[in-house]
Amino acid sequence: QVNVIQTVADFLGIHIRNTQFREEQVRARLVTRDLEIAAGIQRSLLPQRLPGTPHASLAGFYRSAREVGGDYFDALPTGDGNLLLVVADVMGKGLPAALFALMFRSLVRARRDLAPAPGRFLAWLNHNLFQELDRANMFVTALLVYVDGARHELRIAGAGHPPLLLATAAGEVIEVPSSGM
């Protein structure tokens, strides 16, 4: 009887462990699928083509270190024939960073009217994102560049992001720093 009970117990143990393993595989596949969907959504939110200006051409490329990440770039027409260039990076990787990048993108697109004053625009973005970022112990670095084609002028504001690199027609690369925090 002890041998029969031991055999049944072994069988049930193996069956339970196999069921747990299959459930873990299903959960892993669901998470992978969710991340693939999130990556597709994130790619669709980045510009497929960047608008040009009569005086400059733009190009962009994005590849995330993971399925999704906190990187964001854009070139937005401002309605006055000018452009707002945006490059931002949310601290960290993965889904939390991607969610904050989406929030950042939404706020930038909602207030294009602030584009001619990129420093004021960054202050507004900081005011609207700080509480949520602070709660998550995260931050965003960003660089905003207002391209005023009529004046042949760039207005730049940075928030902890590396400086702007400007390539001239002669192939020279100029580092354009922003001042302040």
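None of these values were measured; they are calculated from a predicted model.

Novice: What is the right way to read the overall build of the protein chain from this model?
Specialist: Tallying secondary structure elements over the protein chain gives three helices and six strands in all. Along the first, second and third principal axes, the C-alpha set of the protein chain runs to 95 × 35 × 30 Å. By the burial criterion, 30% of the 181 residues in the protein chain qualify as buried. Counting only contacts in the protein chain whose residues sit at least 6 apart along the sequence, the fraction spanning at least 24 positions is 50%. Accessible area for the protein chain stands at about 12000 Å²; split by element, carbon and sulfur atoms hold 58% of it.

Novice: What exactly am I supposed to notice about the packing of aromatic side chains here?
Specialist: The relative placement of two aromatic rings is captured by the distance of their centres and the angle of their planes. On inspection of all chains with the given rule, the structure shows two aromatic pairs. Ring centres 6.1 Å apart and planes at 70 degrees place the aromatic pair Tyr72 and Phe104 in the edge-to-face group. Of the two residues, Tyr72 is situated in strand S1 (residues 69-77) and Phe104 in helix H2 (residues 94-110); the sequence distance between them amounts to 32 residues. With a relative accessible area of 3%, Phe104 lands in the buried category. Ring geometry for Phe121 against Trp124: centres 6.3 Å apart, planes inclined by 55 degrees, an arrangement best described as tilted. Pair noted here: Phe121 and Trp124 are both in helix H3 (residues 118-135), with a separation of three residues, about one helical turn. Its relative accessible area of 23% is what places Trp124 among the partly exposed residues. The ring centre of Trp124 lies 5.2 Å from the NZ or CZ of Arg111, which sits over that ring.

Novice: Any chance you could explain the pairing of strand S3 (residues 140-148) here in plain terms?
Specialist: Looking along a regular strand, one sees side chains alternate from face to face of the sheet. With nine of nine residues buried, S3 is to be regarded as a mostly interior element. Side chains Val140, Ala142, Leu144, Tyr146 and Asp148 of S3 all project onto a buried face; the interleaved residues Thr141, Leu143, Val145 and Val147 project onto the opposite face, where all are buried too. As judged from the eight bridges shared by strand S2 (residues 83-93) and S3, these two strands associate in the antiparallel manner. Note on S3: the bridge partner recorded for Leu84 is Tyr146. By the bridge criterion, six bridges tie S3 to strand S4 (residues 153-159) in an arrangement that is antiparallel. Bridge assignment links Val145 to a residue of S4, and that residue is Ile156. Taking the residues that link successive antiparallel strands as the turn, the S3-S4 hairpin has four residues, and the phi of His152 there is positive, at about 55 degrees.

Novice: In this structure, what is going on with the sheet that holds S2? I would like to understand it.
Specialist: Remark on secondary structure: sheet strands pair via backbone hydrogen bonds, oriented parallel or antiparallel. Taking strand neighbours across the sheet as the criterion, the four strands line up as S1-S2-S3-S4 in an open arrangement whose pairing is antiparallel. Single-partner strands in this sheet number two, and they are S1 and S4. Sheet twist, expressed as the average angle between the axes of neighbouring strands with direction ignored, equals 5 degrees. Its contacts with the sheet place H2 against S1, S2 and S3, and it is angled at close to 15 degrees to S1.

Novice: Before we go on, may I ask you to explain the layout of surface pockets in this structure?
Specialist: To find leftover empty space, one rolls a probe the size of a water molecule over the atoms. Taken as a whole, the largest pocket spans an internal volume of roughly 960 Å³. As for the largest pocket, its lining consists of 31 residues, and the residues nearest its centre are Ser57, Leu58, Leu85, Leu164 and Leu166. Looking at the lining of the largest pocket, the elements with two or more residues in it are S1, S2, S3, S4 and strand S5 (164-167). Of the residues in the lining of the largest pocket, the class split is 20 nonpolar, eight polar and three charged. Of the volumes computed, that of the second largest pocket is approximately 240 Å³. Lining the second largest pocket are 16 residues; nearest its centre among them are Leu125, Asn126, Leu133, Val140 and Ala159. Looking at the lining of the second largest pocket, the elements that each hand over two or more residues are H3 and S3.

What counts as what
Residue indices begin from 1 for each chain and proceed along its sequence in written order. Given that this is a predicted model, residues contribute local features only at a pLDDT of at least 70 and side-chain atom pairs are listed and counted only at 80 or more, while totals for whole chains, interfaces and linings are drawn from all residues. Side-chain metrics rest on all non-hydrogen atoms present in the structure, leaving aside hydrogens and water. Under the DSSP-based scheme used, a helix requires at least four consecutive residues in state H or I and a strand at least two consecutive residues in state E, with every element numbered from the N terminus. With a 1.4 Å probe rolled over the protein chains alone, any residue whose accessible area is under 20% of its type maximum counts as buried; one over 50% counts as exposed, and the rest are partly exposed. Note on contacts: a residue pair qualifies if any of its non-hydrogen atoms lie within 4.5 Å across the two residues. Surface exposure here means Shrake-Rupley accessible area, sampled with a 1.4 Å probe, where a residue is shielded only by the protein chains that are shown. Ring pairs shown here join Phe, Tyr and Trp side chains whose ring centres sit within 6.5 Å, with only the six-membered ring taken for Trp; geometry is labelled stacked below 30 degrees between planes, edge-to-face above 60, and tilted in between. Here, over-ring charges are defined by two tests on the NZ atom of lysine or the CZ atom of arginine: distance to the ring centre within 6 Å, and angle to the ring normal within 35 degrees. Paired strands, as defined in this entry, are two strands with at least two bridges between them according to DSSP. A fitted line through C-alpha atoms represents every axis, and for helices the fit uses only the stretch in contact; the resulting angles, taken between N-to-C directions, go from 0 to 180 degrees. Using only the protein atoms, space was sampled on a 1 Å grid; points where a 1.4 Å probe fits but cannot get out form cavities, open sets with protein on both sides within 12 Å along at least five of seven lines form pockets, and lining residues are those with an atom within 4 Å of a point. Grid points are joined across faces, edges and corners, and a volume is the space filled by probe spheres set on the points. Each residue receives one of three labels: charged for Asp, Glu, Lys and Arg, nonpolar for Ala, Val, Leu, Ile, Met, Phe, Trp, Tyr, Cys and Pro, and polar for the others, Gly being one of them.

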